[in-house]
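Residue-level structure breakdown
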Amino acid sequence: MTGKETILLVAAGLLGLTQPMWAGDVAEPGGYRMADYRAPVPQTLRGASVVTTAEAEALWREKKAVFFDVMPNTPKPANLPAGTIWRETIRKDIPGSTWLANVGYGAISEETASYFRQGLAAEAGPDKSRAILFYCMTNCWMSWNAAKRAVEWGYSAVIWYPSGADGWEGANLPLEEKKPYVISN
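In what follows, the accompanying structure is described. Everything quoted here is computed from the prediction, not taken from an experiment.

1. Some words on unusual backbone geometry
The backbone phi angle of D36 is positive, close to 50°, even though this residue is not glycine. Relative to the helices and strands, D36 is located in the loop between α1 (3-14) and β1 (48-50). With a phi close to 55°, N139 is a non-glycine residue in the positive phi region. Position of N139 relative to the elements: it lies in the loop between β5 (132-135) and α4 (141-152). When its relative accessible area of 22% is taken as the criterion, N139 is described as partly exposed.

Put into structure tokens, the structure is as follows:
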């Protein structure tokens, strides 16, 4: 490899244009990840399939899975001083995905678990054997935790896409702006 090729490869890696380099020494934990959610992830998730960007794209194009983004969302603080300008974070998702915000933490409240279950049922239907895919960002444990939780809840066709929305974007695949899922009454 020439010096120029090395520089281009390093630059692409720094810009997130290459596939993630999973840390081979990250062991799959027995429980949920409880802190440091943006860190190297394992290559496996017991009870789930793990897919690459190309495999996720094929599932998306063939509509063979229901896609769920589990990126956290920061709501507008209730106690902002008058006149403070608040700008919501813009989230760009894989088209057709449902953004189930905040369900990927290691410990979730009963209210969040209910929101998660209702979102899954509303978007994927009652058949727990239907393929469901979870993602967030590269090196984000939120999607790993959410997929693990779905496996524990009896979903049998859980798919984890560790490269997430930034891996998707790095492959020049389309994204669309999303708002978090809201439960209809």
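2. A closer look at the side chain of D69
Tracing the backbone shows D69 in strand β2 (residues 66-69). At 2.6 Å, the side chain of D69 forms a polar contact with the side chain of R91.

3. Details of helix α3 (residues 110-124)
Between its terminal C-alpha atoms α3 stretches 21 Å, which fits the 21 Å expected from 15 residues at 1.5 Å a residue. Listed in full, the buried residues belonging to α3 are A113, Y115, F116, G119, L120 and A124. Down the axis of α3, the smallest arc covering the buried residues is 160°, so these residues share one side. Seen from the open side of α3, the exposed residues pointing more than 90 degrees away from its buried face are E110 and E111. Turning to α3, the residues buried within the fold contact β2, β4 (98-99), β5 and α4.

4. Brief notes about α4
Taking 1.5 Å as the rise per residue, α4 with 12 residues should run 16 Å; its terminal C-alpha atoms sit 16 Å apart, in good agreement. Of the positions making up α4, those classed as buried are W141, M142, S143, W144, N145, A146, A147, K148, R149 and A150. Looking at the buried residues of α4, the elements they touch are α3, β5 and β6 (158-160). Residue G154 follows α4 closely and has a positive phi angle near 100°.

5. Some points on the packing of aromatic side chains
Aromatic ring pairs: the centre-centre distance and the angle between the two ring planes describe each pair. Here the structure, examined in full by the defined rule, presents nine aromatic pairs. Ring centres of Y115 and Y181 lie 6.1 Å apart, and the angle between their planes is 50°; on these two criteria the pair is classed as tilted. Taken together, the residues span a long stretch of sequence, with Y115 in helix α3 and Y181 in the segment after β7 (176-178) at a distance of 66 residues. Each member of the pair, Y115 as well as Y181, carries the same accessibility label: buried. When the ring of F116 is compared with that of F134, the centres are 6.1 Å apart and the planes differ by 90°; the resulting orientation is edge-to-face. You can see F116 sitting in helix α3 and its partner F134 sitting in strand β5, a full 18 residues away along the chain. Classification of F134 as buried rests on a relative accessible area of 0%.

Cut-offs used in this document
Residues numbered from 1 in each chain as written. Predicted model: local features only at pLDDT ≥ 70, side-chain atom pairs only at ≥ 80, totals over all residues. Heavy atoms only, no water. Helix = DSSP H or I, 4+ residues; strand = E, 2+ residues; numbered from the N terminus. Buried < 20%, exposed > 50% of the residue type's maximum accessible area, 1.4 Å probe, protein only. Polar contact = N/O pair within 3.5 Å; in protein donor to acceptor, adjacent residues only side chain to side chain. Expected span 1.5 Å × (residues − 1). Arc of directions from axis to C-beta. Contact = heavy atoms within 4.5 Å. Phe/Tyr/Trp six-rings, centres within 6.5 Å; stacked < 30°, edge-to-face > 60°.

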